[in-house]
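Chain and residue survey
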Amino acid sequence: ESIAWLTAAALTGGVVKIGDRFSALAPNEVTALQKVLPVLDRPARPVDLFRNENPRIWVLPIKAAFEEWTIVGVFNWEDTEQVNTLDFRELGLASNAFYTVYGFWEDKYYGTAEKQVQVAVPPRSVRLLSFREYKAHPMLLSTSRHFSGGATDFTTLHWHDDERRIDAVFNGVANTTYKLRVLVPEPYGTATVTVSCGAATLSNDARVLTIEFTCPQDGPVEWSAAFP
């Protein structure tokens, strides 16, 4: 429930209040706060404002210099599980395109969807989903650093079709471990990855590549992933 309240504050651009001393916070509580700060300049909007007394579905379009995607928060303030149908037209998504669906807090790739998707939300919790238009080549799904999936730190991200390679740059935070999730569709194979701040650990799960590394200091981090 605390994650749901933090997510609501972050999506609406509200003030994230911390009532406890920082030294008294548990490690998972500190991690959760790091993932919602800073809040973005643009607040999300509710798409079901006139259907529910307490809006459940909040949409936040992200327009970065290198890409556009959409963040959707689906809330459940009740004591039983709720299943919500998300209509892509209401979310501002194209109804004739496929989108990747990634859950931020549960760190899970749900696959691709077209026109609509059903979302089951446990009691008193939230599903925070990112929707990116599907491309038939390796593409970024999400990052572990911030709920926006890269809006606060990435400065460039580009797929080179002729070289079958992703190049990207983001502003790293000192002593922070990053997990980048990259979808690798067929027929692309095992990636060769380089990260400017040090060694990276790679793992694969159902065509999702995880690139994990730690930034020792603040500053720009360059990374690339080449696919045979």
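Description of the pattern of salt bridges
Here the structure, examined in full by the defined rule, presents 9 salt bridges. Between Arg181 and Asp107 there is a salt bridge, with the nearest N and O atoms lying 2.2 Å from each other. Pair noted here: Arg181 is in strand E12 (residues 176-183) and Asp107 is in the loop between strand E5 (98-103) and strand E6 (108-114), with a separation of 74 residues, a long-range link. On the accessibility criterion, Asp107 (37% relative accessible area) is partly exposed. If you follow the salt bridges from partner to partner, you end up with Glu1, Asp79 and Arg124 in one network.

Re the packing of aromatic side chains
The full count for this structure, using the stated rule, is 14 aromatic pairs. Between the aromatic rings of Phe104 and Trp105, the centroid separation amounts to 5.0 Å while the plane-to-plane angle is 75 degrees, which identifies the pairing as edge-to-face. Overall, the relative accessible area of 10% leaves Phe104 in the buried class. Given a relative accessible area of 22%, Trp105 falls into the partly exposed group. Ring geometry for Trp159 and Tyr188: centres 5.8 Å apart, planes at 85 degrees, overall edge-to-face.

Section: the nonpolar core
Core analysis: the biggest nonpolar cluster contains 46 residues, and Trp223 and Phe227 have the highest contact counts within it. Ranked by the residues each element gives to this core, the list is headed by helix H1 (residues 2-12), at 5 residues. Each residue touching Phe227, except ones within four places of it in the same chain, is listed here: Pro138, Trp159, Arg164, Ile166, Val182, Val184, Tyr188, Gly189, Thr190, Ala191 and Leu209. If you look at the next biggest cluster of nonpolar residues, it comprises 18 residues, including Val59, Tyr99, Ala113 and Val121.

Criteria and cut-off values
Residues numbered from 1 in each chain as written. Predicted model: local features only at pLDDT ≥ 70, side-chain atom pairs only at ≥ 80, totals over all residues. Heavy atoms only, no water. Salt bridge = Lys/Arg side-chain N within 4 Å of Asp/Glu carboxyl O. Helix = DSSP H or I, 4+ residues; strand = E, 2+ residues; numbered from the N terminus. Buried < 20%, exposed > 50% of the residue type's maximum accessible area, 1.4 Å probe, protein only. Phe/Tyr/Trp six-rings, centres within 6.5 Å; stacked < 30°, edge-to-face > 60°. Core = buried A, V, L, I, M, F, W, Y, C linked by side-chain atoms within 4.5 Å. Contact = heavy atoms within 4.5 Å.

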